[in-house]
Each structure stands twice: as C-alpha cells, then as structure tokens.
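Single-letter residue listing:
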Amino acid sequence: SKQSGRNNFQFYTDELNRRLMERLDMEYRLRQALEHDEFLLHFQPKLAFASGNICGAEALIRWRPAGGGMVSPADFIPVAEETGLIVDIGQWVLHSACRQAVRLNAMAGRELPIAVNVSPRQFRQSDLVSRVRSALQHSGLNPACLELEITESSLVHDTGSFIKTLQELKTLGVKLAIDDFGTGYSSMAYLKDFPVDRLKIDQAFVSRLETESSNIAILKAIIALGHSLNMKVIAEGVETAYQQAFLHGIGCDELQGYFFSKPLPVEAFEKLLGD
Ligand code: C2E
Ligand code: CA
Ligand code: CA
Ligand code: CA
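Residues take numbers from 1 onward in each chain, read along the sequence in its written order. Written order determines the labels here, with chains lettered from A and ligands numbered from 1. Per-residue local features are limited, in this predicted model, to residues with pLDDT of at least 70; the limit for side-chain atom pairs, both in listing and counting, is 80 or more; totals at the level of whole chains, interfaces and linings are taken over all residues. Computation of side-chain values covers all heavy atoms of the structure but excludes hydrogens and water.

Caption draft 1: Structural view of the overall build of the protein. Counting its regular elements, the protein contains 10 helices and 9 strands. For 275 residues, the compact-globule estimate of 2.2 N^0.38 gives 19 Å, and the protein sits close to it at 20 Å. Viewed in the frame of its principal axes, the protein has a C-alpha envelope of about 70 × 45 × 40 Å. A 1.4 Å probe rolled over the protein chains alone gives each residue an accessible area, and that area as a share of the maximum for its type sets the label: buried under 20%, exposed over 50%, partly exposed in between. Every one of the 275 residues in the protein was classed for burial, and the buried ones make up 47%. On the protein, roughly 13800 Å² of surface is accessible, and the fraction owed to carbon and sulfur atoms is 53%. In this count, Lys and Arg are taken as positive residues and Asp and Glu as negative ones, while His and the chain termini are left out. Working definition for charges: the position is that of NZ of Lys, CZ of Arg, CG of Asp or CD of Glu. Across the protein, 28 positive and 34 negative side-chain charges occur, with their mean positions spaced 1 Å apart. Where helices and strands are cited, they refer to DSSP runs of H or I of at least four residues and of E of at least two residues respectively, numbered from the N terminus. Based on C-alpha atoms, the radius of gyration is set beside the globule rule, defined as 2.2 Å times the residue count to the power 0.38. For every accessible area listed, the method is Shrake-Rupley and the probe measures 1.4 Å; residues are considered covered only by the protein chains on display.

Following this line, the structure appears as structure tokens:
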C-alpha cells in the first residue's frame, strides 16, 4: 500500500542518514587520529619453510584512540579508502614502516624485508612511486628490505597502467607481492607480465583446507603457477599444525599466521628476533 511504501521509504532514508553520519564521524576521527599520532604498527613474522627462520614481517596498522580501545583496520581502512584519507594514512604507514625496518635490520644483524599494504586507491595515485622513493630516502632503508603488498582489486580496468606502475616500483629496487591471491580472477591471465616476487595465497584457501578437499587442487595449482614464474609463494592465515605441515608438504615456501605468531607490537617482535 501507499502507507507502507512511505514507511519503507522513511526507514530507508533514516538508515542512509545514519550510515552517512557514522561515516562522517569516522572520517573526522581518522583525521584527528593522524594529527594526534594515534596510529601504530604491529608486525607479523613470516616463516620460511626451508630454513625454519623468520624471513620477514608484515606491518599491520593499528589505531588506538585516546582513552579508547584498539580499533581494527577492518573497521576503518574501508572508510579511509572511500574518503581518500587512505592516501595520508598510507603515507604515514610507509614512512613509519621504513623507519622501523632500519632499526629492526640493525637489531637482527641481517636484512629482514618488511611488507607494507598498499590499498587500491593509494596504488592509483599518480605520485605513488615518488612517495615510496622519498620514504626510502628519508629512512635510508635498503630498497630490497621494503616489500609492497598489492591486492588484485587494484587492477580495475587498465592492465597496462597497472603493470607500468609495478615496473616503476621495481625500478626503485623494492619487492612486490600480490596479496589475497586467488580471490579475484582478473590478474590470473596477466600474472606472467607482473614483475612481482611473491604470491600471497588468501587465507580463505588455507582455512578451508581441512573441510574442502577441492581446495587442495587449487592450492597446488597456485604454488605451481607461482614457481613457474619464479615467484615465492606464501600462505597466510595458517592457524593449525595440520595446515602448516600440509602446506610445507605441497611445496609452499613461506607461511604467516596465528599458529606461528600473531601480529606483535614492535617490542615483542624485537624480542622474538632476539631469541
Ligand atoms: P591483510 O593484508 O590480508 O592482512 C592479513 C590479516 O589477517 C591481518 O588482519 C592479520 O592480523 C590477519 N591474520 C594473520 N594471521 C591470521 C590467522 O592465522 N588467522 C586469521 N583469522 N587471521 C590472521 P588485520 O591486521 O586485522 O588487517 C586486516 C586488513 O586490513 C589487512 O588484510 C589489510 O587489508 C588491511 N590493512 C592492515 N594494515 C593496513 C595498512 O597499513 N594499510 C592498508 N592499506 N591496509 C591495511
Ligand atoms: Ca597484506
Ligand atoms: Ca592478505
Ligand atoms: Ca585480506
């Protein structure tokens, strides 16, 4: 009826207003967070099967608002991406990760690549390459110790410009990884043209290992594909001994996940390196 139609409409606009207000509020708070230095990085170690050693770490952003608890990136990265604030936040992550990587390298007494996530919006900024270059220069970090994790969703339509950006980044000497690999199919056909060093198998494939045997074929195919293109293959979201042993058995090179270690505050990560 007309009445219920109006009610639905009323409900719909209330809901839209509520979401809009929430988003505006979050945007405001994220700007404040940048200004007041409320972000920090946690580090999740990566383990190499061959050596049994830590072979790097992923820097993951955390937000601790004054007087509040920790906010998960899953709750604010999407808003930051939508509003464009991700560019400034990403810039903070890049500089902070490079600075901390220099210290971690010195502590570890060896070169330990630190991986940083680059969001699709950040990836498409025309000055991405110069921003990365300046983060390297400011920190003095060996470019080979910085890895950029790029998701398949960064490739929306123009494969040519996607590859060109990857090549420019490679020229700086940094490492590149395709993150969440297997969740999109857009890049599959072009993978051979991507100058990337590493494929990160999405955790969805790993978590379904025990329950869906069809996954095994997919995992093996991804590993074979990566190796045939001279890439290292890393599995993320490894939570059990079974998953770890299985992935080792099928030739996966590296792993990352709660079974080995959760993302750690930098002090705890340093301690782990020292042990
Ligand atoms: P991601 O890049 O795929 O990062 C992996 C996520 O899986 C992290 O969540 C990590 O804590 C979590 N994880 C690691 N091991 C396990 C495991 O064994 N089991 C399970 N269930 N989860 C595991 P986190 O830190 O909450 O980050 C979520 C997402 O937020 C990231 O997914 C990434 O897309 C985004 N993100 C985090 N930090 C940054 C950043 O600095 N910049 C950008 N652009 N995005 C970021
Ligand atoms: Ca990542
Ligand atoms: Ca991932
Ligand atoms: Ca993910």
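Caption draft 2: Representation of the site of ligand 1 in the model. The criterion for a residue being near a molecule or strand is simple. One of its heavy atoms has to lie within 4 Å of it. Around ligand 1 sit 21 residues in total, of which Gln 44, Arg 62, Asn 117, Glu 239 and Tyr 258 are the nearest. Contacts described as polar in this section are N or O atom pairs within 3.5 Å, which, within protein, must combine one atom able to donate a hydrogen with one able to accept it, while residues neighboring in sequence count only if both atoms come from side chains. Contact between ligand 1 and Asn 117: an oxygen atom at 3.1 Å from a side-chain N or O atom of the residue. Between Tyr 258 and ligand 1, the recorded distance is 2.8 Å, taken from a backbone N or O atom to an oxygen atom. In isolation ligand 1 offers 800 Å² of accessible surface; the protein chains occlude 81% of this area. Looking at the shell around ligand 1, the elements that each hand over two or more residues are strand S2 (54-63), helix H2 (73-83), helix H3 (86-108) and strand S5 (175-181). For the shell around ligand 1, the leading source of residues is S2, giving 4 residues.

Caption draft 3: Representation of the coordination of the calcium ion (ligand 3). In this listing, donors mean N, O and S atoms no farther than 2.8 Å from the metal, or 3.2 Å for Na, K and Ca; water is missing from the atoms, so a site can look incomplete. In this structure, Asp 179 (OD), Asp 180 (OD), Glu 236 (OE) and Glu 236 (OE) serve as the protein donors to the calcium ion (ligand 3), at separations of 2.0 to 2.8 Å. Taken in sequence order, the residues that donate to the calcium ion (ligand 3) follow the motif D-D-x55-E. Separating the calcium ion (ligand 3) from the calcium ion (ligand 2) is a distance of 3.8 Å, and Asp 179 supplies a donor atom to each of them. Of this pair, Asp 180 sits in strand S5 while Glu 236 sits in strand S7 (residues 232-236); the two residues are 56 residues apart in sequence, bridging distant segments of the chain. Exposure remark for Asp 180: the relative accessible area of 25% places this residue in the partly exposed category. Residue classification places Glu 236 among the buried positions, given a relative accessible area of 9%.

Caption draft 4: Quick peek at the coordination of the calcium ion (ligand 4). Note on the calcium ion (ligand 4): its protein donors are Asp 180 (OD) and Asp 180 (OD). The metal-donor distances range over 3.0 Å. Here the calcium ion (ligand 3) and the calcium ion (ligand 4) are spaced 3.7 Å from one another, each receiving a donor from Asp 180.

Caption draft 5: Highlighting a nonpolar patch on the surface. A cluster of nonpolar residues, Leu 20, Met 21 and Leu 24, forms a patch on the protein surface that exposes about 310 Å² of accessible area. In this fold, Leu 24 is placed in helix H1 (residues 2-35). Here, patches come from residues exposed beyond 30% relative accessible area and free of salt bridges, joined within 9 Å for like charges and within 5 Å for nonpolar side chains (Val, Leu, Ile, Met, Phe, Trp, Tyr). In what follows, salt bridge is the name for a side-chain nitrogen of Lys or Arg lying within 4 Å of a carboxyl oxygen of Asp or Glu.

Caption draft 6: View of the nonpolar core. To define a nonpolar core, start from buried Ala, Val, Leu, Ile, Met, Phe, Trp, Tyr and Cys residues and group those joined through side-chain atoms within 4.5 Å. The biggest cluster of nonpolar side chains holds 77 residues, and the ones touching the most others in it are Leu 30, Val 132, Leu 146, Leu 148, Leu 169 and Leu 247. We call two residues in contact when some of their heavy atoms are within 4.5 Å. If we ignore the near neighbours within four places in the chain, the residues touching Leu 247 are Phe 49, Val 206, Leu 209, Leu 219, Ala 235, Val 238 and Cys 252.

Caption draft 7: Expanded view of the side chain of Glu 149. Summarising the element assignment, Glu 149 is placed in strand S4 (residues 146-151). A polar contact is formed between the side chain of Glu 149 and the side chain of Lys 200, at a distance of 2.9 Å.

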